[in-house]
Amino acid sequence: MTYDRHDWTALAFMTAIWLVALLFHSSSALLAGLAGFGLTRWLSNMAPMKRLPNRVVVIAFALAAAPFIVVKVVSSVFGHNLSGIMDETAGLWHKLLDETFALRQGLPDAIKPWVPDSQDEVQHRLVGLVSSRSAQLMEAGRLGFGILMHTIFGWLLGIAAAASHSAPVPGPLLRAWYRRWEGMAAVFGRVARGQIWVALANTLFTTLFLLVIAPTAGWAFPFRSSLILITFLASLIPVAGNLVSNSLLLLVGLGVSLGAGIAAMVFMVVVHKMEYLVSARVVGNANHVAAWELIAAMLSAELMFGPIGLITATVLYPYLKQELRAAGLV
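Residues numbered from 1 in each chain as written. Predicted model: local features only at pLDDT ≥ 70, side-chain atom pairs only at ≥ 80, totals over all residues. Heavy atoms only, no water.

A. Here's a closer look at the overall build of the chain. A tally of helices and strands in the chain yields 12 helices and zero strands. Mapped in sequence order, the helices and strands of the chain form the string α-α-α-α-α-α-α-α-α-α-α-α. Here the chain, with 330 residues, has 34% of them falling under the buried criterion. Here the analysis covers contacts within the chain between residues at least 6 apart in sequence; of these, 68% occur between residues at least 24 apart. Of the roughly 18,700 Å² of accessible surface on the chain, 72% is carried by carbon and sulfur atoms. (Helix = DSSP H or I, 4+ residues; strand = E, 2+ residues; numbered from the N terminus. Buried < 20%, exposed > 50% of the residue type's maximum accessible area, 1.4 Å probe, protein only. Contact = heavy atoms within 4.5 Å. Areas by Shrake-Rupley, 256 points an atom, 1.4 Å probe, with all protein chains shown as cover.)

What follows is the structure, encoded as structure tokens:
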């Protein structure tokens, strides 16, 4: 395929949009928009759906409501038992503090001032730490809320774009622009299908840990079915979703026993690092990208832009390489 100046201009604009979104922590909106757009088009083109009247509108409304339904179901299944988990975790916390205070007596005098000698001192230090970092905590909360809102709006806009009837595109620049977004949507679809396999692998590892390893070690984890379901749903988000599900596993493990909490933490670290390799292999093969290239791109983007950069790299790098390959440059 021969690229003209319109193709290069459209590609430059798209790259600039992604860079601006990464710098201002808004790339989640673009990713969510691609997800909503691709899923709406895919469902509307399925043979069983074609029998529905106004199928695109029906699918669009269903997908628009889907995130809120999922949150409601997960919170109703898992949330009503959260107080019990917190009570067990609090009891374990107090037990750990008592053991720490007992061990403090055998520490050298030079180290003792660094270890609290009572729960009141622990509370005082925590309050001081929170007070000294209040501005950072408020900024983190504001940033997290902003990312959530961007993601929801991006998801809804992507669904709306897929449900709308596109008019003919007359100009060469607009045609090149739409071709770029169609190519990006195709790459995102392949990445999403690959991520489903990664989510299944994460769910399998979690199932083995909860149903085989934990019972063998004598740890009775509660809410196993909920944890397995949450693991699959969260793992559909590259890397970050795995951290969320494993953090819940760690919280529940600490409520069971100290050994279960340590095992859950080890499991979290191992599976999180394994996901780099599995995701790079599966997603890379789907987009004709070598695993080492994708891992290097993911790590570089994480260093520059944080976790959201790591997630974005799984889509952006294969897409840019696809464009360069189509232009005959690589």
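Read on for the rest.
B. Geometry of the nonpolar core. Judged by nonpolar contacts, the single largest core of 23 residues is most densely connected at Trp18, Leu31, Leu34, Met184, Leu294, Val315 and Tyr319. Sorting the residues of this core by element identifies α1 (5-23), α2 (27-44), α7 (172-217), α10 (258-286), α11 (291-305) and α12 (307-326) as the ones contributing at least two each. The dominant element in this core, judged by the number of residues it contributes, is α12, at six residues. Sequence-distant contacts of Met184, defined by excluding residues within four places in its chain, comprise Met14, Trp18, Leu34, Val315, Leu316 and Tyr319. (Core = buried A, V, L, I, M, F, W, Y, C linked by side-chain atoms within 4.5 Å.)

C. Up close: the packing of α2 against α7. The interhelical angle for the contact between α2 and α7, taken along N-to-C directions, is 80°, at an axis separation of 10 Å. Considering the angle they form, α2 stands roughly perpendicular to α7. Across from Leu30, Leu31, Leu34, Ala35 and Phe37 in α2, the residues of α7 making contact are Trp181, Met184, Ala185 and Phe188. (Axes fitted to C-alpha atoms, helices over the stretch in contact; angles between N-to-C directions. Parallel < 35°, antiparallel > 145°, perpendicular 65-115°, else oblique.)

D. Here's a closer look at a nonpolar patch on the surface. On the surface, Val70, Ile196, Trp197, Leu200, Leu229, Leu233 and Leu236 cluster together into a nonpolar patch covering about 620 Å² of accessible area. When residues of the nonpolar patch are traced back to their parent elements, those giving at least two are α7 and α8 (224-235). Per element, the largest residue contribution to the nonpolar patch is three residues, and it comes from α7. Among the secondary structure elements, Trp197 is positioned in helix α7. Taking relative accessible area as the criterion, Trp197 reaches 60% and is therefore assigned exposed. (Patch = residues over 30% accessible without salt bridge, like charges linked within 9 Å, V, L, I, M, F, W, Y side chains within 5 Å. Salt bridge = Lys/Arg side-chain N within 4 Å of Asp/Glu carboxyl O.)

E. Layout of the pattern of salt bridges. Within this structure, the stated rule accounts for four salt bridges. Between Asp7 and Arg179 there is a salt bridge, with the nearest N and O atoms lying 2.9 Å from each other. Here the residue Asp7 occupies a position in helix α1, and Arg179 occupies one in helix α7, the gap between them amounting to 172 residues. A relative accessible area of 2% places Asp7 in the buried class. For Lys321, the salt bridge is made with Glu293, and the minimal N-O distance between the two is 2.8 Å. Placement of Lys321 in helix α12 and of Glu293 in helix α11 is noted, with a sequence separation of 28 residues between them. Judged by relative accessible area, Glu293 falls into the buried class, the value being 13%.

F. Representation of the environment of Ser28. Its place among the elements puts Ser28 in helix α2. Residues Ser28 and Gly154, spaced 126 residues apart in sequence, show a C-alpha to C-alpha distance of 7.6 Å. Reaching out from Ser28, the side chain makes a polar contact with the side chain of Thr151 at a distance of 3.1 Å. (Polar contact = N/O pair within 3.5 Å; in protein donor to acceptor, adjacent residues only side chain to side chain.)

G. Fine view of the packing of aromatic side chains. Applying the stated criterion across every chain, the model contains three aromatic pairs. Ring centres 5.3 Å apart and planes at 55° place the aromatic pair Tyr3 and Trp8 in the tilted group. Judged by relative accessible area, which is 12%, Tyr3 ranks as buried. Relative to Phe267, the ring of Phe209 has its centre 4.9 Å away and its plane inclined at 25°; by these criteria the two rings are stacked. With Phe209 in helix α7 and Phe267 in helix α10, the pair connects residues that are 58 residues apart, well separated along the chain. What makes Phe267 buried here is its relative accessible area of 11%. (Phe/Tyr/Trp six-rings, centres within 6.5 Å; stacked < 30°, edge-to-face > 60°.)

H. Spotlight on the environment of Gly306. Relative to the helices and strands, Gly306 resides in the loop between α11 and α12. Residues Gly306 and Leu22 lie 284 residues apart in sequence; the distance between their C-alpha atoms is 9.2 Å.

I. Quick peek at α7. Spanning 46 residues, α7 covers 65 Å between terminal C-alpha atoms, matching the ideal 68 Å at 1.5 Å per step. The largest bend in α7 amounts to roughly 35° and is located at Phe209. Positive backbone phi, approximately 85°, marks Gly218, located one or two places after α7. (Expected span 1.5 Å × (residues − 1). Bend = angle between axes of the 7 residues up to and from the residue.)

J. Representation of the side chain of Arg180. Inspection of the secondary structure assignment puts Arg180 in helix α7. What makes Arg180 buried here is its relative accessible area of 2%. A polar contact of 3.0 Å, which involves the side chain of Arg180, links it to the side chain of Asp7. Ignoring any residue separated from it by four or fewer positions in sequence, one finds Arg180 in contact with Tyr3, Asp7, Ala10, Leu11, Met14, Tyr319 and Glu323.

K. Up close: the side chain of Ser27. Position of Ser27 relative to the elements: it lies in helix α2. Accessibility expressed as a relative area gives 0% for Ser27, which makes it buried. Within the local environment of Ser27, its side chain forms a polar contact with the side chain of Thr312, the two groups lying 3.3 Å apart. With near-sequence residues (within four places) excluded, Ser27 lies in contact with Trp18, Ala21, Leu22, Ile308 and Thr312.

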